[in-house]
Amino acid sequence: MNTQNTPVHIRLWHRDFWLMAIANLLLTVAVYALIPVMPRWLMQTENLTLQETGMIMGAFGVGIFLFGCFTSYLVQRFRRNIACVWAILLMTALLGWLYYLDLQKSQFFDFQILLVQRLALGAAFGVAQMILSSTLIIDTCESFQRTEANHSASWFSRFALSIGPLTGLIVDRLAGFSNVLLVTIGCSLAAIIFILLVHFPFRTPEENVRVVSLDRFFLPQGWPLTINLIIVTFIMGLLLSTTHSELFYGMVMVGFMAALVAQRFVFRDADIESEVITGLVLISVALLMMLTRQQTIVSFAAPMFIGFGLGIIGSRFLLFFIKLSRHCQRGTAQSTFFLAWECGLALGVGTGYGLLELQAGLVLQVSLVTAVAALLFYHFFTHGWYLRHKNR
């Protein structure tokens, strides 16, 4: 049976790794907390249309690609942890700028200004996350633990997909949008502190470092995995645009927890195709339940199925990217996974607002069709392609 398991080393979970993993969580929470509450602020406070709101939210997915080609140069030219800190500081400044805009209650700001803010936030987050996940996290562990380190740290940012929106909704309901921004700024500053608490020894830069490079940015040979993952997370992005229930995100978190346990025990010796297939089937079932049933149990079961499916799919795809990469391309594989994940989410959110105009029934129908398409694409093409091209 074609299985691939990630071993568990207790020695991996030392102080420095914990600090980096928590920094990863906080950094991602700072971004995801805005997803369910910022669109309402754009439409109600800034008087933007659904289409303009969709473009602004979708611009984040474009922004994460803007400076990725400079990641390798930044890591080589400057101290890698300081480069990450500066990117997070830029994120913090952009969030602070949004806080300032919110304080100007009597003044409406142009669509272009808000679009640039969101685009720049995506660019800063992209650089920070690529340096953190592709370089800093794996630098805190031994070489034989790096696959496990990537796998484990990614779960922290995955949980942020439920923790972030849940935090944003609760704070917004209790204290308003301005305090949501203060929470995101606090998360960003806390991430900086955690990174600075870890000592990273100086490394002599390599000779003839290219300013523009795909290293630590994008893995061209992984394009089928990239497309398939974008399609999967696009579904979640669509749901994020119409679902603003604290219960929904709480149950998604329960689903993530169940996926984490199932991956270790239920799928331990299963064929590697079973995880992605199971995940997509569960997501499709959840969408069908939300589309055709109104019972209370659906409010609990459907988001849990979605969290479970997204959890095992994300974890397996990350290992696919790592095992597809060649020597010294681990960081590039990690960054490619991150780009595909975030791009799909942002495009889904933007489409939900800008094109589907928050019509819940239409969003669920499109999501269901997309889930079926992702399942067919994976089963009939991506999986076989991966088995023929993997390097590990």
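Report on the accompanying structure.

Scoring rules and cut-offs
- Residues numbered from 1 in each chain as written.
- Predicted model: local features only at pLDDT ≥ 70, side-chain atom pairs only at ≥ 80, totals over all residues.
- Heavy atoms only, no water.
- Helix = DSSP H or I, 4+ residues; strand = E, 2+ residues; numbered from the N terminus.
- Rg over C-alpha atoms; globule rule 2.2 N^0.38 Å.
- Buried < 20%, exposed > 50% of the residue type's maximum accessible area, 1.4 Å probe, protein only.
- Lys, Arg positive; Asp, Glu negative; His and termini not counted.
- Charge placed at Lys NZ, Arg CZ, Asp CG, Glu CD.
- Expected span 1.5 Å × (residues − 1).
- Contact = heavy atoms within 4.5 Å.
- Polar contact = N/O pair within 3.5 Å; in protein donor to acceptor, adjacent residues only side chain to side chain.
- Patch = residues over 30% accessible without salt bridge, like charges linked within 9 Å, V, L, I, M, F, W, Y side chains within 5 Å.
- Areas by Shrake-Rupley, 256 points an atom, 1.4 Å probe, with all protein chains shown as cover.
- Salt bridge = Lys/Arg side-chain N within 4 Å of Asp/Glu carboxyl O.

### So, the overall build of the protein chain
For the protein chain, the count of helices and strands is 14 helices and zero strands. If you list the helices and strands of the protein chain from N to C, you get α-α-α-α-α-α-α-α-α-α-α-α-α-α. Against the globule reference of 21 Å for 392 residues, the protein chain gives a C-alpha radius of gyration of 20 Å, in line with a compact fold. With the C-alpha coordinates aligned to their principal axes, the bounding extent of the protein chain is approximately 55 × 45 × 35 Å. Classification of the 392 residues of the protein chain by burial places 58% in the buried group. Across the protein chain, the mean location of the 24 positive side-chain charges is 8 Å away from that of the 19 negative side-chain charges.

### Quick notes on helix H10 (residues 246-265)
A rise of 1.5 Å per residue sets the reference length of H10, with its 20 residues, at 28 Å; its end C-alpha atoms lie 29 Å apart and thus fit the reference within 8%. Taken residue by residue, H10 has Phe248, Tyr249, Met251, Val252, Met253, Gly255, Phe256, Ala259, Ala262 and Gln263 as its buried positions. On its buried side, H10 packs onto helix H7 (146-175), helix H9 (223-242), helix H11 (272-292) and helix H12 (296-324). Its side-chain oxygen at 3.2 Å from the backbone nitrogen of Leu247, Ser245 defines the N-terminal cap of H10.

### Structural notes on a nonpolar patch on the surface
The grouping of Ile82, Trp86, Leu89, Leu189 and Leu196 at the surface amounts to a nonpolar patch, some 470 Å² of accessible area in total. Breaking the nonpolar patch down by element, the ones donating at least two residues are helix H5 (80-103) and helix H8 (177-196). The element that contributes the greatest number of residues to the nonpolar patch is H5, accounting for three residues.

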